[in-house]
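Fold and geometry: a report
The primary structure of each chain is shown beneath.
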Amino acid sequence: MTMADPRLIQLVMSLRGQGVTDRHVLAAIERTPRGLFVPERFVDQAYENRPLPIDCGQTISQPLIVGLMTQLLNLNDRCKVLEIGTGSGYQAAVLSRLARRVYTIERYRTLAKEAEARFEALRLTNITQRVGDGTKGWPEQAPFDRIIVTAGAPVRPDTLLEQLKPGGIAVVPVDNDRGTQTLIRYTHDKDGSLREDALMDVRFVPLVKGEAKAL
Ligand code: SAH
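Computed from a prediction, not measured in an experiment: that's the story for all the values here.

Calculation rules
- Every residue gets a number counted from 1 within its own chain, in the order that chain's sequence is written.
- Totals for whole chains, interfaces and linings use every residue, but because this is a predicted model, local features are given only for residues with pLDDT of at least 70 and side-chain atom pairs only at 80 or more, for both listing and counting.
- To get the side-chain values, all heavy atoms of the structure are used, and hydrogens and water are removed first.
- Following DSSP output, two strands are said to pair if at least two bridges run between them.
- For the purposes of this entry, the term helix denotes a DSSP run of H or I that reaches at least four residues, the term strand denotes a run of E that reaches at least two, and both are numbered from the N terminus.
- To get an axis, a line is fitted to the C-alpha atoms, and for a helix only the part in contact is used. The angle between two axes follows their N-to-C directions and goes from 0 to 180 degrees.
- Any pair of residues with heavy atoms lying within 4.5 Å of one another is described as a contacting pair.
- Here the expected span of a helix is defined as 1.5 Å times the quantity of residues minus one.
- Burial classification: accessible surface area is computed with a 1.4 Å probe over protein chains only, and a residue below 20% of its type maximum counts as buried, one above 50% as exposed, and the rest as partly exposed.
- Each direction from the helix axis to a C-beta atom contributes to the arc, which is the arc of those directions.
- For each residue, the test is whether any non-hydrogen atom lies within 4 Å of the molecule or strand; if one does, the residue is near.
- Any N or O atom pair separated by 3.5 Å or less is treated as a polar contact, with the protein-specific requirement of one donor-capable and one acceptor-capable atom, and with residues adjacent in sequence counted only for side-chain atom pairs.
- All accessible-area figures derive from a Shrake-Rupley calculation using a 1.4 Å probe, and residue coverage is judged against the displayed protein chains alone.
- Here the term charged refers only to Asp, Glu, Lys and Arg, the term nonpolar to Ala, Val, Leu, Ile, Met, Phe, Trp, Tyr, Cys and Pro, and the term polar to all other amino acids, Gly among them.
- Under this scheme an angle from 65 to 115 degrees is roughly perpendicular, one under 35 degrees roughly parallel, and one over 145 degrees roughly antiparallel; angles in between are oblique.
- We call a crossing left-handed when the near helix sits turned anticlockwise from the far one by less than a right angle, and right-handed when that turn is clockwise.

Consider a sheet: its strands pair through backbone hydrogen bonds, and that pairing is either parallel or antiparallel. With respect to topology, seven strands assemble into an open sheet ordered β5-β4-β3-β6-β7-β8-β9, the strand pairing being mixed. Every interior strand has two partners, whereas the edge strands, β5 (127-131) and β9 (194-202), have only one. Averaged over neighbouring strand pairs, the angle between their axes works out to 15 degrees when direction is ignored. In this structure, strand β4 (residues 101-106) lies alongside β5, joined through five bridges in parallel fashion. Counterpart to V102 in the pairing with β5 is I127. Along the sheet, helix α3 (residues 63-73) makes contact with β6 (144-149), β7 (164-175), β8 (181-188) and β9, crossing β7 at roughly 155 degrees. In the packing of helix α5 (residues 109-121) onto the sheet, contacts are made with β4 and β5, and the angle to β5 comes to roughly 165 degrees.

In structure tokens, the structure reads:
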């Protein structure tokens, strides 16, 4: 086994201090070199706890948010997970270390291609990706044990929640009236009811309906 990058160890310690306490999630972050997921000119900042720009005017989420959202999903190695908004692929990579299989959808072909190359380089073979409109979910692969949306949804994403298994969990940033989003955890109880917990304010790029025209 190789020694973890000291910058990663430091990042993990700082996340732990800020509420990411699940040791499996921390270990997954420690094993995922964030420097590989950002453009060359930002590599120096990759191990700081901040979002960074990626291609197509999008962003790679802040590590703390990745950690907290992953923790909220309460994953295990039997989980089939759907992610909307592949972006850099970083969140998917972290999920792939904790779940059985990750399905991820991105509307920009450029980003999807870059993410695919990273998954290959890291040999993350349990990630399946697709270019398309994630607001429709992935009906051919539904239902999912877990769903994570990494872009701000204007309203409760019912189409996605319909693809969640009974007993499943979805974590979604939903627009609020303060110009940000509220991170909501939806728990699909076995009796069919949907429970909603509003957790914290977050700021994501918007979830855009439809296919991306260029790129
Ligand atoms: N999870 C990413 C964060 C990406 S930011 C990471 O770890 O880097 C959100 C991403 O959602 C952007 O790449 C954006 O293009 C994508 N997105 C926005 N609307 C979408 C939609 N309808 N379907 C699929 N992807 C979408």
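Turning our eyes to something else, we now look at unusual backbone geometry. Cis rather than trans, the peptide bond between A142 and P143 has omega equal to 0 degrees. Mapped onto the elements, P143 comes out in the loop between β5 and β6. Residues other than glycine seldom take positive phi values, yet N74 does so here, at roughly 50 degrees. Along the polypeptide, N74 turns up in the loop between α3 and β3 (80-84).

The terminal C-alpha atoms of helix α1 (residues 6-17) lie 17 Å apart, and with twelve residues this matches the ideal 16 Å at 1.5 Å per residue to within 8%. All of the buried residues in α1 are L8, L11, V12 and L15. Along α1, the residues classed as buried sweep out an arc of 100 degrees about the axis, all on the same side. In α1, the exposed positions that point more than 90 degrees away from the buried face belong to P6, Q10, M13 and G17. A positive phi of about 110 degrees marks G19, the residue just after α1.

This part covers the site of the ligand. Taken together, 27 residues sit near the ligand, with G85, S88, E106, G134 and V208 positioned nearest. Between the ligand and the protein, one listed contact pairs a nitrogen atom with a backbone N or O atom of G85 at 2.9 Å. T150 is positioned with one of its side-chain polar atoms (N or O) 3.0 Å from a nitrogen atom of the ligand. Its free accessible area being 580 Å², the ligand has 99% of it covered by the protein chains. Every element with two or more residues in the shell around the ligand is listed here: β2 (59-60), α4 (90-96) and β4. Its residues placed into classes, the shell around the ligand shows ten nonpolar, 13 polar and four charged.

The interhelical angle for the contact between α1 and helix α2 (residues 23-30), taken along N-to-C directions, is 150 degrees, at an axis separation of 9 Å. With respect to their mutual orientation, α1 and α2 come out roughly antiparallel. Relative to α2, α1 is oriented so that their crossing is right-handed. Of α2, the residues touching α1 (which contributes L8, I9, V12, L15 and R16) are L26, I29 and E30. Residue classes in the contact of α1 with α2 are distributed as six nonpolar, no polar and two charged.

Along the chain, L75 turns up in the loop between α3 and β3. When its relative accessible area of 17% is taken as the criterion, L75 is described as buried. A C-alpha to C-alpha distance of 9.2 Å links L75 and R100, two positions 25 residues apart in sequence. Leaving out residues up to four positions away in the same chain, L75 has contacts with T70, V81, L95, L98, A99 and R146.

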